[in-house]
Amino acid sequence: MGVMSASGSFTRYRIVEEVPQGLWLQIQDRLIRDSFQEIEDTADEYAHGWVSIDDMLDTAWSSGPPFKGEYVAFALRLDTRRIPAAVFKKHYQIGLQEALAKAREQGRQYVGREAKKELKEKVKLWLLSQTLPVPAVFDVVWSMQTNRILLGSTQNTARTLFEDLFTKSFELHLEPMTPFFLAAQLGGEKVQEKLEAYEPVAFVEPLARG
C-alpha cells in the first residue's frame, strides 16, 4: 500500500525504546543488509525484505537515500508463490499414475505411503519452480522527530513480518498504536486502569432460535 495513494489502510506504531543517535547514520546500511533477495530462480515459496520506497527493484538505494526531510521512508516487499489446489491435484494425479505403472512393472499393486509423500513434495517443488512469485509492497514512513511509524497495511501477515524484520534490522521494538493505547496515553494512569478493567461487550444481540 502506497502512502501517496488517494486512500489506504495503515497501522501506526511507536518505538518502545529511545533511539540511539548513532543509529541514524547506520539506517541505509542496515536496510541494505536486510534488503529483499529475488527468488525467481529458486523454488522458494516466499521471501521478504526492505526495498526503496521509490522503486521496489532498488535494494541498494541507488535511486536515492531513504531520508525524506524529517522522515525515513522505505518499503517492505513480500513475494509469494501460490499453487492453485486444482493444479497441484492434476499434476499429483499424473505423477501417481506414472508411479503406479512402474510399481506394477515390478510386481507391486500399489504405491506406498512414503512414496506418495515423496511424490507430493516432488510435485510441489516442480510446480513452485514453474510459478512466478507475486510481489506485494508495503510502504513504511518513520518520523525521526516523534519516532512514530506508519505501515501501509493492516494485514496480520504483513504486520508480523514488518515487526520482526524491523526489530532484527534496527534492534528496536514496536508497539501498535491501538485505540486502547491512544486512550491510555491521553488519559494517563487512571484512565488506563479503567480501560484494563473493562469487559468486552457484544453490540449485536444474537438471533434467537425458534
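This brings us to the overall build of the protein chain. Of the regular secondary structure elements, the protein chain holds five helices and seven strands. Walking the protein chain from its N terminus toward its C terminus, one meets helices and strands in the order β-α-β-β-β-α-α-β-β-α-β-α. The buried share of the protein chain, reckoned over its 210 residues, is 31%. In the protein chain, of all internal contacts separated by at least 6 residues, the share reaching a separation of at least 24 is 71%. A total of about 14,200 Å² of accessible surface is found on the protein chain, and carbon and sulfur atoms cover 54% of it.

Okay, the nonpolar core next. In terms of nonpolar packing, the biggest core is built from 26 residues, with Trp50, Phe74, Trp142, Ile149, Phe162, Phe166 and Phe170 touching the most fellow members. Contributions of two or more residues to this core are made by strand E1 (11–15), helix H1 (27–33), strand E4 (71–80), strand E5 (134–143), strand E6 (148–151) and helix H4 (156–170). The contact partners of Phe170, leaving out residues within four places of it in the chain, are Leu23, Ile27, Arg30, Leu31, Trp50, Phe74 and Trp142. If you look at the next biggest cluster of nonpolar residues, it comprises six residues, including Val111, Leu119, Val123 and Leu127.

Before going further, it helps to examine the pattern of salt bridges. Across all of its chains, the model carries nine salt bridges by this definition. Put simply, Arg30 and Glu171 hold a salt bridge, and the shortest N to O gap is 3.7 Å. Taken as a pair, Arg30 in helix H1 and Glu171 in the loop between H4 and strand E7 (174–176) lie far apart in primary sequence, 141 residues in all. Residue Arg77 is joined to Asp79 by a salt bridge in which the shortest nitrogen-to-oxygen separation is 2.9 Å. Note on Arg77: relative accessible area 4%, which makes it buried. Here the salt bridges do not stand alone but share partners, grouping Arg33, Asp34 and Lys168 into one network.

Another aspect to go through is the side chain of Asp79. With respect to the helices, strands and loops of the structure, Asp79 is situated in strand E4. The exposure class of Asp79 is buried, given its relative accessible area of 2%. Of the polar contacts made by the side chain of Asp79, one reaches the side chain of Arg77; its length is 2.9 Å. Excluding anything up to four places from it in sequence, Asp79 contacts Phe36, Glu38, Ile39, Glu45, Tyr46, Ala47, Pro133, Val134, Pro135 and Ala136.

Our next topic: H4. For H4, spanning 15 residues, the distance from its first C-alpha to its last is 21 Å, which sits close to the expected 21 Å at 1.5 Å a residue. Those residues of H4 that fall on the buried side of the exposure criterion are Ala158, Leu161, Phe162, Leu165, Phe166, Ser169 and Phe170. End-on, the buried residues of H4 take up no more than an arc of 130 degrees, which puts them together on one face. Facing away from the buried side of H4 by over 90 degrees, the exposed positions are Asn156, Thr157, Asp164 and Lys168. Phi turns positive, to about 55 degrees, at Glu171, one or two residues after H4.

Moving on, we get to the packing of aromatic side chains. If you walk through the whole model with that rule in mind, you get 11 aromatic pairs. One cation-aromatic arrangement involves Lys120 over Tyr92; the distance from NZ or CZ to the ring centre is 5.6 Å.

On to the layout of surface pockets, then. When its volume is computed, the largest pocket comes out at roughly 380 Å³. Around the largest pocket sit 17 residues that line it, and Gly95, Glu98, Ala99, Leu119 and Lys122 are the ones nearest its centre. Listing elements by their share of the lining of the largest pocket, those giving two or more residues are helix H2 (85–105) and helix H3 (113–130). Residues belonging to the lining of the largest pocket are distributed by class as follows: eight nonpolar, four polar and five charged.

What follows deals with H2. For H2, with 21 residues, the first-to-last C-alpha span of 30 Å sits near the 30 Å given by 1.5 Å per residue. Listed in full, the buried residues belonging to H2 are Tyr92, Gly95, Leu96 and Ala103. The buried residues of H2 all sit within an arc of 110 degrees when viewed along its axis, so they share a single face. What points out from H2, more than 90 degrees from its buried face, is the exposed set Ala86, Lys90, Gln97 and Glu105. Each element contacted by the buried residues of H2 is listed here: H3. One or two residues past the end of H2 sits Gly107, with phi positive at roughly 85 degrees.

Thresholds, definitions, all that
Residues numbered from 1 in each chain as written. Predicted model: local features only at pLDDT ≥ 70, side-chain atom pairs only at ≥ 80, totals over all residues. Heavy atoms only, no water. Helix = DSSP H or I, 4+ residues; strand = E, 2+ residues; numbered from the N terminus. Buried < 20%, exposed > 50% of the residue type's maximum accessible area, 1.4 Å probe, protein only. Contact = heavy atoms within 4.5 Å. Areas by Shrake-Rupley, 256 points an atom, 1.4 Å probe, with all protein chains shown as cover. Core = buried A, V, L, I, M, F, W, Y, C linked by side-chain atoms within 4.5 Å. Salt bridge = Lys/Arg side-chain N within 4 Å of Asp/Glu carboxyl O. Polar contact = N/O pair within 3.5 Å; in protein donor to acceptor, adjacent residues only side chain to side chain. Expected span 1.5 Å × (residues − 1). Arc of directions from axis to C-beta. Phe/Tyr/Trp six-rings, centres within 6.5 Å; stacked < 30°, edge-to-face > 60°. Lys NZ or Arg CZ within 6 Å of the ring centre and 35° of its normal. 1 Å grid on protein atoms, 1.4 Å probe; cavity = no way out; pocket = protein on both sides within 12 Å on 5 of 7 lines; lining within 4 Å. Points joined across faces, edges and corners; volume = space filled by probe spheres on them. Nonpolar A, V, L, I, M, F, W, Y, C, P; charged D, E, K, R; others polar.

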